[in-house]
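# Structural description and commentary
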Amino acid sequence: MPSVKAREGESVDSLMRRFRRYCDKSGRAASARRRAQGFQTRSETRRRAKQMAVKRLHKKISREIKQLLNGREHHKGGVGGSGGLGTFIDKDKG
């Protein structure tokens, strides 16, 4: 907590002004206001952006996997040849 000592013969008003100036220079009040309003520091913003990028990538990969599996499931055992993963495995053998 910032503190200011009163000078000899100093009025309360000038002491308060000095205290306020000292607090403004230290930046504690501004950072407290930012935290209270929900602002993020630059490092927090970067961390959050990285988290969201990873989340988007995971969603994209899971969508692609679902799409691939659904495509193979759709053709499985139908007329005109069999589908599914077994088809790919058999091709490698022969």
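The rules behind these values
Residues numbered from 1 in each chain as written. Predicted model: local features only at pLDDT ≥ 70, side-chain atom pairs only at ≥ 80, totals over all residues. Heavy atoms only, no water. Patch = residues over 30% accessible without salt bridge, like charges linked within 9 Å, V, L, I, M, F, W, Y side chains within 5 Å. Areas by Shrake-Rupley, 256 points an atom, 1.4 Å probe, with all protein chains shown as cover. Salt bridge = Lys/Arg side-chain N within 4 Å of Asp/Glu carboxyl O. Lys, Arg positive; Asp, Glu negative; His and termini not counted. Charge placed at Lys NZ, Arg CZ, Asp CG, Glu CD. Helix = DSSP H or I, 4+ residues; strand = E, 2+ residues; numbered from the N terminus. Buried < 20%, exposed > 50% of the residue type's maximum accessible area, 1.4 Å probe, protein only. pLDDT = per-residue confidence, 0-100.

All right, on to a positive patch on the surface then. On the surface, a cluster of positive charge is contributed by Arg47, Arg48, Lys55, Lys59, Lys60 and Arg63. Secondary-structure assignment places Lys59 in helix H3 (residues 42-75).

This model, assessed by the stated rule, comprises one salt bridge. Of the charged contacts in the structure, one is a salt bridge between Arg18 and Glu10, with a shortest N-O distance of 2.9 Å.

With that settled, consider helix H2 (residues 28-37). A small share of H2 lies buried, amounting to one of its 10 residues. Phi turns positive, to about 90°, at Gly38, one or two residues after H2.

Further remarks concern the confidence of the model for the protein chain. Per-residue confidence for the protein chain gives a mean pLDDT of 78, with 74% of residues at or over 70. Between the elements of the protein chain, mean pLDDT differs from a low of 53, seen in helix H4 (residues 85-93), to a high of 89, seen in helix H1 (residues 12-26).

The next subject is a nonpolar patch on the surface. Nonpolar side chains collect at one region of the surface, where Leu57, Ile61, Ile65 and Leu69 lie side by side and expose about 340 Å² of accessible area between them. Within the secondary structure, Leu69 sits in helix H3.

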